[in-house]
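The primary structure of each chain is shown beneath.
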Amino acid sequence: MLYSTIADTYEKIEATTKRLEMTDLLVDLLKNTPKEIIDKVVYLTQGKIYPDFVKLEIGVAERLAIKALAKASGIKESEIEEDLKKTGDLGETAQKFMAKKKQVTFFQQPLTVQKVYETLDKMAKASGSGAVDLKTALLAGLLADATPKEAKYIMRTVTGNLRLGIADMTVLDALAIAYGGGKEARELVERAYNISSDLGRVAKAVAEKGLRGVKKFAVLVGEPIRPMLAERLSSPEEILEKLGGKCIAEYKYDGERIQIHKKNGDVTLFSRRLEDISSQYPDAIELVKKHVKAKEAILEAECVAIDADTGEMRPFQELMHRRRKYGIEEAMEEYPVSLFMFDALYVDGKDLTLELYPIRREALVKAIEESERVKTAKYIITSNPKELEKFFLEAIENGCEGLVCKSMAEDSVYQAGARGWLWIKYKRDYKSEMTDTVDLVIVGAFHGRGKRAGTYGALLLAAYNPESDTFETVTKCGTGFTDEDLAKLPEMMKKHVISHKHPRVNSMIEADVWFEPVVVIEVLGAEITLSPIHTCAMNAIRQGSGLAIRFPRFTGNYRLDKAAEDATTISEIVEMYQKQLKKIVES
Ligand code: ATP
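Novice: I'd like a rundown of the sheet that holds strand β10 (residues 402-406), residues and numbers included.
Specialist: Read from one edge of the open sheet, five strands run β1-β11-β10-β2-β9, paired in mixed fashion. In the strand order of this sheet, the two ends are held by β1 (229-232) and β9 (379-382), each with one partner. Within the sheet, the average angular offset between the axes of one strand and its neighbour, ignoring direction, is 35°. Direction of pairing for β1 relative to strand β11 (residues 419-427): parallel, over a ladder of four bridges. By the bridge assignment for β11, L229 is matched with R419. The strands that helix α16 (residues 357-367) touches are β2 (247-252), β9 and β10; relative to β2, the one it contacts most, it runs at about 50°.

Novice: Explain the site of the ligand to me, using residue names and the numbers behind them.
Specialist: Taken together, 17 residues surround the ligand, and among them A230, E302, R419, K425 and K427 come closest. E250 places a polar side-chain atom, nitrogen or oxygen, 2.9 Å from a nitrogen atom of the ligand. The side chain of K425 places a nitrogen or oxygen atom 2.5 Å from an oxygen atom of the ligand. Taken by itself the ligand offers 590 Å² of open surface, and the protein chains cover 86% of this. Those elements that provide at least two residues to the shell around the ligand are β1, β2, β10 and β11. The element best represented in the shell around the ligand is β11, accounting for four residues. Tallied by class, the residues present in the shell around the ligand amount to eight nonpolar, no polar and nine charged.

Novice: Describe the packing of aromatic side chains, with residues and values.
Specialist: In this structure the tally under the stated criterion is twelve aromatic pairs. Measuring from ring centre to ring centre gives 5.2 Å for Y251 and F391, while their planes differ by 40°; the resulting arrangement is tilted. Here Y251, found in strand β2, pairs with F391, found in helix α17 (residues 385-397); they are 140 residues apart in sequence, far enough to count as distant. In this structure Y251 comes out as buried when scored by relative accessible area, which is 5%. Relative accessible area serves as the criterion here: at 5%, F391 is assigned to the buried category. Pairwise contacts between aromatic rings join Y251, Y253, F340 and F391 into one cluster. Stacked on the ring of Y117, the Lys or Arg K40 has its end atom at 5.2 Å from the ring centre.

The rules behind these values
- Residues numbered from 1 in each chain as written.
- Predicted model: local features only at pLDDT ≥ 70, side-chain atom pairs only at ≥ 80, totals over all residues.
- Heavy atoms only, no water.
- Pairing = 2+ DSSP bridges.
- Helix = DSSP H or I, 4+ residues; strand = E, 2+ residues; numbered from the N terminus.
- Axes fitted to C-alpha atoms, helices over the stretch in contact; angles between N-to-C directions.
- Contact = heavy atoms within 4.5 Å.
- Near = heavy atom within 4 Å.
- Polar contact = N/O pair within 3.5 Å; in protein donor to acceptor, adjacent residues only side chain to side chain.
- Areas by Shrake-Rupley, 256 points an atom, 1.4 Å probe, with all protein chains shown as cover.
- Nonpolar A, V, L, I, M, F, W, Y, C, P; charged D, E, K, R; others polar.
- Phe/Tyr/Trp six-rings, centres within 6.5 Å; stacked < 30°, edge-to-face > 60°.
- Buried < 20%, exposed > 50% of the residue type's maximum accessible area, 1.4 Å probe, protein only.
- Lys NZ or Arg CZ within 6 Å of the ring centre and 35° of its normal.

Have a look at this one:
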């Protein structure tokens, strides 16, 4: 197949603004494409040479492209740069200069699609010290063989600027029409795409085998499945009604969604956008190798940053420190992660995407061996709105964003690539960001683990209620302490240790060690949220809820100048909560 056929179609597509016309042009192109290279043609029309999840890119920088064009056209780089300033499009500039080409080639072979694809492929795979020279030479060679129009599109492709605006869905429409026998094939073709994320593979299957090919399409370990997404509602009653009166409600962990692909010893991790992010999470890969018992599996999990010392979940932002190319080892140490598994899409030869959720969950439980760092998402099965609300508050209390409530009904399959009502998220809208520090009383402590063995892992802190003259717990704080602080805390608190909860302390949480309410420390939190287990301002905002400070950090200030009764009061915390909430609503 000649590359000029593709270039001609591109030109026509660029000229149209109508999606239907665009689809017709694509249908013609796909029908005229030999079946054995239809995958390549599909990738090329999207300005790529592989599906997105493959970690290879053509990746030609502007500098390199200019150099190659100068070489192929015999025009000076400075002249090309001048022209580029005017056009702003290397494709157009290339077309112009290749038309003016000084050294006319007498014996020019017409470019084939295969030749273009193979050359781009070589460019993508070039690596090491000679890569830049090799890429320049390959591109120059390709341009030299191209007509001016072909040069334009080659240049745009290699620099990542093809931008024909052909969406995945348009390609699926075109494939269904060209090879599936019409619109009715659309759903099957789309499903094939949703479970493979590979338009090229789908194109080949439908072109070579027709509908049979896409009907038999199965998930493959190594090819990411497009994620199922959730709708949103804001009350337990609505959620239960929508889900047929009963659901599996799971914690909505606040981390990064990860699709885990395991085959024999190899593990690949894909992001929500289906990029291969394995290199960012060597520790998560180790966890999978150790705790996923299945030989082959595709599982979904939320990867959450945790505090290495206390095992508590950390805010989503901390995971952002893991998005880096260098210094992965240090980031791993500083921001360790846990995996909370929430779906199984394939296990040991069985495609589970069309199984109902209770069955998939059972397969998930069987596929893994739970450990401290690898768990299945915490859940309840309920038909009771009150119970759902209680579980929601508990989830928030434990550092989650809320719940994902999932259908258990007869149609609860894994809807790859769709945002639907089989999953409904119930998120915390009631949160208020903190800007001020608070002074809180140390009323209890929890034993440390790991590096903190022998000292405290976290302190139980309380605000003061002047009306009842009691101290009401508002947070558990394990962050912000230096090694020096940690070493001196047990010593410093020794004289205040008592064998049971102090009568003036109001707590639903059982601490490992109790103190007289005497020592005050300064703390800065990220936000104030409703909480079912902290007693601060219980029932003041909502029945059955108190207020909690999330992600508290010790500022380093021991407020020795303050008596416990001078600590921040519960009404101040209520005020902070309301003031900040108002700000959020207004903005
Ligand atoms: P959000 O920003 O609310 O996470 P989203 O568009 O990324 O939205 P949604 O499908 O709307 O995704 O919400 C579900 C998301 O919640 C998933 O993408 C996943 O990352 C996360 N999540 C956390 N815990 C679970 C769970 N138990 N089940 C499903 N998804 C979960």
